[in-house]
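Architecture and fold: a report
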Amino acid sequence: MDERMGIMYLEGTPERVVARMPVDGNTQPIGLLHGGASCVLAESVGSMAAWLHAMPADRVPVGVDINATHHRGVRAGHVTAVATPAHRGQTFATYNVAIDDDAGRRVCTARITCYLRPAQDIAPGQ
């Protein structure tokens, strides 16, 4: 999905994941950044941060909840998402995600929660 949306990771630690996505190719028919594209970007950075947190414990994050508030429309350029932890536990990790446009204006605020499944519980293809 990241490749299809043009998402490029710029920074990645359990405390902060940053990624950038082009507006072009991710718009509604009227030319604005699609809200679903913002959600994909938020889930991507939040899940990556959760994976970096869970990896040492041999756990795999699975998104169980995402919500987003869309603040302004964007027609061109890129948006940048920054995921920071709200909670990091053994079973769940929740990240706040701020998405800004090229001018640094807030486009979307999201929150994603991942269930951290034991890796051995996930068979290939699941």
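Described in the following lines is the structure provided in the data block. (Residues numbered from 1 in each chain as written. Predicted model: local features only at pLDDT ≥ 70, side-chain atom pairs only at ≥ 80, totals over all residues. Heavy atoms only, no water.)

**Let's talk about the sheet that holds strand E3 (residues 59-70)**
- In spatial order, the strands read E1-E2-E4-E5-E6-E3; together these 6 strands make up an open sheet with antiparallel pairing. Edge positions in the sheet fall to strand E1 (8-13) and E3, since each has one partner strand and no second. Strand-to-strand twist across the sheet, computed as the mean angle between neighbouring axes with direction ignored, equals 20°.
- Relative to strand E5 (residues 92-101), strand E4 (residues 78-88) runs antiparallel, the two sharing 9 bridges. Counterpart to Val79 in the pairing with E5 is Asp101. (Pairing = 2+ DSSP bridges. Helix = DSSP H or I, 4+ residues; strand = E, 2+ residues; numbered from the N terminus. Axes fitted to C-alpha atoms, helices over the stretch in contact; angles between N-to-C directions.)

**Describing the nonpolar core**
- If you look at the biggest cluster of nonpolar residues, it comprises 29 residues, and the most contacted ones within it are Met21, Leu33, Leu41, Val45, Val79, Val97 and Ile99.
- Of all the secondary-structure elements, those providing two or more residues to this core are strand E2 (16-22), helix H2 (35-54), E4, E5 and strand E6 (106-118).
- The dominant element in this core, judged by the number of residues it contributes, is H2, at 8 residues.
- Residues in contact with Leu41, not counting those within four places in the same chain, are Ile7, Ala19, Met21, Val79, Ala81 and Ile99. (Core = buried A, V, L, I, M, F, W, Y, C linked by side-chain atoms within 4.5 Å. Buried < 20%, exposed > 50% of the residue type's maximum accessible area, 1.4 Å probe, protein only. Contact = heavy atoms within 4.5 Å.)

**Overview of the pattern of salt bridges**
- Per the counting criterion, the structure on display carries 6 salt bridges.
- Note that Asp102 and Arg20 form a salt bridge whose closest N and O atoms lie 3.8 Å from each other. Placement of Asp102 in the loop between E5 and E6 and of Arg20 in strand E2 is noted, with a sequence separation of 82 residues between them. (Salt bridge = Lys/Arg side-chain N within 4 Å of Asp/Glu carboxyl O.)

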